[in-house]
Amino acid sequence: MPRAKRSKQYRKLMEQFSMGFGFREPYQVLVDADFIAEANKCKMDLMRRLEDTLHGQVKPLITQCSMRHLYERKSEPGVEAAIEQAKNHFERRRCGHHPDEYPKPLSALECIHSVVDPKDNGVNKHRYVCAINDESVRATLRQIAGTPLLYIRRSVMIMEPMATVSAKIRSKEERSKFRAEIKAPKGKRKREDDDDSDEEGDKEKAASGTAQADKSEKKKKKKLHGKKEPNPLAVKKKKPKSTSDGQSSKAPKAKDAATEESGQTDEPKRKRRRKHKGGRVGANDEPDTTSNEANAQAHPVGAED
């Protein structure tokens, strides 16, 4: 498996432990004697590898029994360097197994199990990350819910996937959270709560009514826009009418207005015709046909005049 892909899986796994079981930085890493001895044998930078694997700051811990196991293996190669590293850089975790009461140190299984699950109820109360190389010890710790496990194989630090016990508890908690969000709170309310809610409802209604009235007034105040007219610059201008037509058209209108105001409807007066001496008729006057006919009857013309 490529290193980048494995690192991504470890990051997701630690996020699941953080969300499901409340793990926080700095992670408390409980180390046994075999793990630290193997790391020094491979000349591994243990602190940096732990931080890269867990994707966060770490706080390494070691029990008194594990330190006693290291002192017993002092003659082995690389163990002296492991002892010095544990003394100077690791915090001592008190397991309660004092040398006066226990002349021989307890096994890694008994000691670490008592630290991780002191009440033996299958819960990792203090949220320890266990870095253990012994397979039997890891098999026992898998039964404790919410316990991340690390080990070294061929100079590579490996993180185990989440155990079935931990995965079941995590999925159960997620389902309970999902159901709690879906379910609505049920039960009868008290009268006081009902009265308070009614008052609040009345206030809200009054506020909404005033807001609607303000909106209607604003709508009324808005200017009503009529039909759009064409651009006056683009329209052809109308030609003005002649002044004579304008005067002649204004005159009858003025007369009509005067007659309407007076209320009298007189007939138009007859024009007086002027009689011209001599038979010459003006260009603008009509000929007097009646006078000519009378003269002809009074002086009949004879045949032989």
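This text goes with the structure placed above it.
Residues numbered from 1 in each chain as written. Predicted model: local features only at pLDDT ≥ 70, side-chain atom pairs only at ≥ 80, totals over all residues. Heavy atoms only, no water.

How should I be thinking about helix α4 (residues 64-72) in this particular structure?
Since the α-helix packs 3.6 residues into each turn, any two residues three or four apart lie on the same face. Along α4, the residues classified as buried are C65, S66, M67, R68 and L70. Elements that come into contact with the buried residues of α4 comprise β1 (27-31), α2 (33-41), β2 (58-63), α5 (79-89), β3 (91-93) and α6 (108-116). (Buried < 20%, exposed > 50% of the residue type's maximum accessible area, 1.4 Å probe, protein only. Helix = DSSP H or I, 4+ residues; strand = E, 2+ residues; numbered from the N terminus. Contact = heavy atoms within 4.5 Å.)

Before we go on, may I ask you to explain the nonpolar core in this structure?
The nonpolar side chains of a soluble globular protein tend to be buried, and buried together. Grouped together as the largest cluster of nonpolar side chains are 34 residues, with contacts concentrated most on F17, V29, I36, L46, L54, L70 and M159. Element by element, the count of residues in this core is highest for helix α1 (residues 3-21), at 5 residues. Ignoring sequence-local partners within four residues, the contact set of L70 consists of A33, I36, I62, V79 and I83. With 16 residues, the next largest nonpolar core counts L30, L106, V116 and C130 among its residues. (Core = buried A, V, L, I, M, F, W, Y, C linked by side-chain atoms within 4.5 Å.)

Can you help me understand unusual backbone geometry in this one?
Excluding glycine, most residues fall at negative phi; most peptide bonds, likewise, are trans. Note that the residue after E25, namely P26, is joined by a cis bond; omega there is -5°. Within the secondary structure, P26 sits in the loop between α1 and β1. Of note in this structure, R154 is not a glycine but carries a positive phi near 55°. Inspection of the secondary structure puts R154 in the loop between β5 (149-153) and β6 (156-159). Positive phi, close to 60°, is recorded for S155, a residue that is not glycine. Among the secondary structure elements, S155 is positioned in the loop between β5 and β6. For S155, a relative accessible area of 37% gives the class partly exposed.

Looking at this structure, how should I read the packing of α2 against α5?
Where α2 meets α5, the closest approach of the two axes is 9 Å, and the angle between their N-to-C directions is 115°. Viewed along their axes, α2 and α5 form a crossing whose handedness is right-handed. Along its contact with α2, which presents I36, A37 and N40, the element α5 presents A81, A82, Q85 and A86. (Axes fitted to C-alpha atoms, helices over the stretch in contact; angles between N-to-C directions. Left-handed = near helix turned anticlockwise from the far one by under 90°.)

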